[in-house]
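Okay, here's what each chain looks like letter by letter:
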Amino acid sequence: METATERKYPLYIHASILLLILYKVIPTNYVSEIYFYFTGLLGATVACLLLLLFNFKTSLHAVGVSGLLMYLINLSIHFEINLIIAISIFILLTGAILTARLYLKAHTRIELIIGVFIGLLSQLLTVRFWL
């Protein structure tokens, strides 16, 4: 999506689906780690929607991949298991995805940095509730 206004409705739909998951799917078989992961995703979606009010196009690829990376790190800490190989592979994949977004000129560097920051922060803010 080229412009920031084209992203509004897909983000609204994404937020609606996340709310349905949080209210209908997860409470039937409640797992706190998954619940707060989706809560973090919802927070990241709301943050991206708020930035759209200022016509700022955040990299949603960066938000998603960095949020998943931080969730993997949090799971490693929470369950006290060594996931260092998976984390390092995922860091390489994150770098590859961000490099591809720059190479294709889909985003600027600041859009990618803000996207990574939103993804990491959304999972870091929810980790204190389940860790």
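One can find the structure itself at the top, above this paragraph.
These numbers were taken from a predicted model, which means no experiment stands behind them.

This paragraph deals with the packing of helix 4 (residues 84–103) against helix 5 (residues 109–130). It is the contact of helix 4 with helix 5, at a shortest axis distance of 10 Å, that shows an interaxial angle of 150 degrees. Classified by the angle their axes make, helix 4 and helix 5 are roughly antiparallel. At the point where helix 4 passes helix 5, the crossing takes the right-handed sense. Along its contact with helix 4, which presents L98, R101 and L102, the element helix 5 presents R109, L112 and V116.

Right, let's get into unusual backbone geometry. Its identity is not glycine, yet N55 carries a phi of approximately 55 degrees, on the positive side. You can see N55 is positioned in the loop between helix 2 (32–52) and helix 3 (60–79). Among the residues examined, N55 registers a relative accessible area of 57% and is labelled exposed. Not every positive phi belongs to a glycine, and K105 is a case in point at roughly 55 degrees. Note on placement: K105 falls in the loop between helix 4 and helix 5.

Calculation criteria
Residues numbered from 1 in each chain as written. Predicted model: local features only at pLDDT ≥ 70, side-chain atom pairs only at ≥ 80, totals over all residues. Heavy atoms only, no water. Axes fitted to C-alpha atoms, helices over the stretch in contact; angles between N-to-C directions. Helix = DSSP H or I, 4+ residues; strand = E, 2+ residues; numbered from the N terminus. Parallel < 35°, antiparallel > 145°, perpendicular 65-115°, else oblique. Left-handed = near helix turned anticlockwise from the far one by under 90°. Contact = heavy atoms within 4.5 Å. Buried < 20%, exposed > 50% of the residue type's maximum accessible area, 1.4 Å probe, protein only.

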